[in-house]
Amino acid sequence: MMDRKLDGERPAIALPKGTVDCQTHMYLPGFPALPGGPGNPPDPLPGPAMYRQVAKWLGIERVVITQGNAQQHDNANLLACLAEFGECAKGVAVIDATTSDAELQRLADAGVTGARIMDLPGGAVGLDQLEAVDARAASMGWVMAVQFDGSDIADHAPRLAALKCNYVIDHHGKFFRGAAPDGPEIAILKRLIDSGNCWFKLAGCYESSVSGPPEFADIAANTRAIAGHAPERLLWGTNWPHNQARTSADYPDDGQLLDRVLGWLDPAARELALVDNPQAFFGFSSPLRPGVC
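This section reports on the structure supplied with the text. Bear in mind that the values here come from a model prediction, so they are computed numbers and not experimental data. Note on numbering: residues in each chain are counted from 1, in written sequence order. Only residues with pLDDT of 70 or above have their local features reported here, since the model is predicted, and side-chain atom pairs are shown and tallied only from 80 upward, although totals for entire chains, interfaces and linings are computed over all residues. Note that water and hydrogens are dropped before the side-chain values are worked out from all heavy atoms of the structure.

**Some thoughts on empty space enclosed by the protein**
Here a cavity denotes a set of grid points, spaced 1 Å apart and computed over the protein atoms alone, in which a 1.4 Å probe fits but from which it cannot get out, and a pocket denotes an open set meeting protein on both sides within 12 Å along at least five of seven lines; residues with an atom within 4 Å of a point are reported as lining. Grid points are joined across faces, edges and corners, and a volume is the space filled by probe spheres set on the points. Considering all chains together, one arrives at four cavities of 30 Å³ or more under this definition. Considered as a void within the structure, the largest cavity measures approximately 80 Å³ in volume. As for the largest cavity, its lining consists of His172, Leu202, Ala203, Gly204, Cys205, Trp236, Gly237, Thr238, Asp254, Leu257, Leu258 and Val261. Starting at the N terminus, helices and strands are each numbered in turn, a helix being any DSSP run of H or I of at least four residues and a strand any DSSP run of E of at least two. Looking at which element gives the most residues to the lining of the largest cavity, the answer is helix α8 (residues 254–262), with four residues. The class makeup of the residues in the lining of the second largest cavity is four nonpolar, three polar and one charged. Here the nonpolar group is Ala, Val, Leu, Ile, Met, Phe, Trp, Tyr, Cys and Pro; Asp, Glu, Lys and Arg are the charged ones; every other residue, Gly included, is treated as polar.

Written out as structure tokens, the structure is:
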């Protein structure tokens, strides 16, 4: 059993109206983990009702739900979660070269506007299918969320630069072997951003920080460098429900994490990362009614 912190003291940084959480996973009963991926998170399953408590606490109004690795290619759990939220949620699904036009349309009708590449252990679709997924996503006008070991970004940069879709580099780039603001990895990332269709997501800083908590100084420095270069290309997400935390003691405080990460941005960049950029990137309509979705 996992005791997840769902509310607490309000963060010092107040989120603006229309804030979008661009990185979550959610799970409902009846959708078992499939071979090839990790298991479902510990009980109680972190689903839409639980997330709504977190969203109310933090001040989030809209959300992007990404297909979890546990269900691999079966997007049924994702679609069930999207149905719980309606128009205030968008989805990022798993597709590949074999996904039919009819299936793509079914996903789009349910609120999916993106496809996932996850080139790390447990991922359903990796970089070997990057161009195929790009072609299928582009045919729908979707975006892509691309995750890999950012320390190898030089190896992948030519392929990324050739993508048709708008895409986001996930999880602060996941530079597992480290990266510096004036180093080659960040220089490559800036060039990709400047090419016109690359975004950068602030989510899960704890997953790849070499310097570690509580400051995550390496991630902070790189984030400030990207924010200073192209604040109009930033997205932010909670990374809820923090699937790498396998015990209650390891579970982060979302309010403290929000203040830490968004504190690396100035107010203007923060507004872009929370509202304007994700609204345009994921295809949300203008801000919905005030309050939690």
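From this point, the narrative continues.
**Focus: unusual backbone geometry**
Looking along the chain, the bond that leaves aspartate 43 and enters proline 44 is cis, with omega of -5°. Looking at the element boundaries, proline 44 is found in the loop between β1 (20–24) and α1 (48–58). The residue after proline 213, namely proline 214, is reached through a cis peptide bond having omega 0°. By the secondary structure assignment, proline 214 is in the loop between β7 (198–202) and α7 (217–229). You will see that histidine 172, though not glycine, has its phi angle at about 55°, which is positive. Counting through the fold element by element, histidine 172 comes out in the loop between β6 (167–169) and α6 (184–194). Only protein chains enter the area calculation, which uses a 1.4 Å probe; residues under 20% of their type maximum are buried, those over 50% are exposed, and those in between are partly exposed. For histidine 172, a relative accessible area of 2% gives the class buried.

**Overview of the layout of surface pockets**
In this structure, the largest pocket occupies an estimated 420 Å³ of space. Forming the walls of the largest pocket are 25 residues, and the residues nearest its centre are Pro38, Asn69, Met118, Asn243 and Gln244. Partitioned by chemical class, the residues of the lining of the largest pocket number eight nonpolar, 13 polar and four charged. Approximately 310 Å³ is the volume attributed to the second largest pocket. Lining of the second largest pocket is provided by 13 residues; of these, Tyr206, Pro213, Phe216, Pro252 and Leu257 occupy positions nearest its centre. Taken together, the residues of the lining of the second largest pocket break down into seven nonpolar, three polar and three charged.

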